[in-house]
Amino acid sequence: MGLDLVLLGPPGSGKGTQAARLPAQYHIPAIATGDILRAQVDAGTPLGQQVRSYLNRGELVPDQLVVDIIRHRLNEPDTEAGFILDGFPRTVTQAQALDAMLAELHRPLDAVLYLQVDRQALQDRLGQRHRQDDRPEIVDHRIDVFLEQTAPLIGYYGDQGKLRLINGADPPDRVAAAIDEVIRSLLAPSGGPQARRTGS
Ligand code: ADP
């Protein structure tokens, strides 16, 4: 069965950096809703025109739009062996829609990796980037939006027993190692011969 993962974390926590590394290593696609939305804006599609002002203001785009994007994307054959979602879900409504979609496909999420970074570090990191929505006041707003609308997912996935905490303040290679360790534990056959021997 596949390796179905979500990368959760505030803006600037390093989700994108980590997600970029995982496809080559685990042969599963990384799906970043932010990248998909920005591509639509850049291409000037009707969807792009619809979402542009949300992105520039640091607001979340309406749930239904991103849920539809993800539903279509998860139907692509390259997700058969698994996927890494980066930037989705971002609200409890999105998380519930994802759970419903995956239940229909008989493939529940394996784990949600939460990259934890404090606010000051986020502001410092994002202050050095040059994306349209990385102006200080927009950055501040995006962090508030995360705390209000996305942070509830920590409890949501915690209750499901799926949350894995990662210290996102560590340097990228340390974060990568922590993520690899979680993935290894997911891929390891639990209670196999090796595990039984260790106990004796
Ligand atoms: P970051 O994690 O640094 O905020 P992203 O690329 O993930 O960057 O997101 C950029 C913007 O794209 C968000 O501020 C929001 O406007 C929009 N966006 C991305 N993913 C979602 C989502 N799942 N739901 C609603 N809006 C989203």
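See the structure shown above.
Bear in mind that the values here come from a model prediction, so they are computed numbers and not experimental data. For every chain, the first residue of its written sequence is number 1, and the numbers climb from 1 along that sequence. The predicted origin of the model limits local features to residues at a pLDDT of at least 70 and limits the giving and counting of side-chain atom pairs to 80 or more, whereas totals for whole chains, interfaces and linings rest on all residues. Processing note: side-chain calculations cover all non-hydrogen atoms of the structure and skip hydrogens and water entirely.

(A) Seen up close, the pairing of strand S1 (residues 3-8). A simple rule labels every residue: compare its accessible area, found with a 1.4 Å probe on the protein chains alone, to the largest value its type can have, and call it buried under 20%, exposed over 50%, or partly exposed in between. The numbering of helices and of strands both runs from the N terminus, where a helix is a DSSP run of H or I of at least 4 residues and a strand a run of E of at least 2. Most of S1 is tucked away: 6 of the 6 residues are buried. Two strands make a pair as long as DSSP finds a minimum of two bridges between them. Bridging between S1 and strand S3 (residues 82-86) involves 5 bridges; their strand directions are parallel. Directly across from Asp-4, in S3, lies its bridge partner Phe-83. One ladder, built from 4 bridges, connects S1 with strand S4 (residues 111-116); its direction is parallel.

(B) Region of the structure containing helix H3 (residues 46-57). Turning to H3, its buried residues number three or more, namely Gly-48, Val-51 and Leu-55. Looking straight down H3, one finds its buried side chains confined to an arc of 90 degrees; they lie on one side. In this structure, H3 carries Pro-46 and Gln-49 as exposed residues pointing more than 90 degrees from its buried face. Positive backbone phi, at 80 degrees, marks Gly-58, one or two positions downstream of H3. Directions from the helix axis toward the C-beta atoms define the arc.

(C) Looking closely at the site of the ligand. Here a residue is considered near a molecule or strand provided that any single heavy atom belonging to it is located within 4 Å of it. Thr-33, Glu-59, Gly-87, Gln-94 and Arg-142 are the nearest of the 20 residues found near the ligand. We define a polar contact as two N or O atoms separated by no more than 3.5 Å, with the added condition that, inside protein, one atom must be a possible hydrogen donor and the other a possible acceptor, whereas residues neighbouring each other in sequence contribute only through side-chain atom pairs. One of the side-chain N or O atoms of Thr-33 is found 2.8 Å from a nitrogen atom in the ligand. All accessible areas in this document rest on Shrake-Rupley with a 1.4 Å probe, and a residue is counted as covered only by the protein chains that are shown. In the complex, 96% of the free accessible area of the ligand, which totals 540 Å², lies under the protein chains. Here the shell around the ligand gets 4 residues from one element, more than from any other, and that element is helix H2 (residues 33-43).

(D) Representation of the nonpolar core in the model. Among buried residues, the Ala, Val, Leu, Ile, Met, Phe, Trp, Tyr and Cys ones that are joined through side-chain atoms within 4.5 Å form a nonpolar core. By size, the foremost hydrophobic cluster in this structure holds 29 residues, and its most contacted members are Ile-70, Leu-74, Leu-85, Leu-98, Leu-109 and Tyr-157. Looking at this core, the elements with two or more residues in it are S1, H3, helix H4 (63-74), S3, helix H5 (92-104), S4 and helix H8 (152-159). Element by element, the count of residues in this core is highest for H4, at 6 residues. The contact definition used throughout considers only heavy atoms, calling two residues in contact when any of these lie within 4.5 Å. Setting aside anything within four residues of it in sequence, one finds Leu-109 in contact with Asp-4, Leu-5, Val-6, Phe-83, Leu-98, Leu-102, Tyr-157 and Lys-162.

(E) Structural detail: the pairing of S3. In terms of residue burial, S3 counts as a mostly covered element, since 5 of its 5 residues are buried. Residues Gly-82, Ile-84 and Asp-86 line one face of S3 and the alternating positions Phe-83 and Leu-85 line the opposite face, and both faces are buried.

(F) Seen up close, the sheet that holds S1. What the 5 strands build is an open sheet, ordered S2-S3-S1-S4-S5; its pairing is parallel. With one partner strand each, in any of the chains shown, strand S2 (30-32) and strand S5 (163-167) form the two edges of the open sheet. This sheet shows a mean twist of 20 degrees between the axes of neighbouring strands, independent of strand direction. With 3 bridges joining them, S2 and S3 adopt parallel strand pairing. Residue pairing for S3: Ala-30 is matched across the bridge by Ile-84. On the sheet, H8 packs against S1, S4 and S5 and is oriented at approximately 130 degrees with respect to S5. Working convention: axes come from line fits to C-alpha atoms, limited for helices to the stretch in contact. Angles between N-to-C directions cover 0 to 180 degrees.

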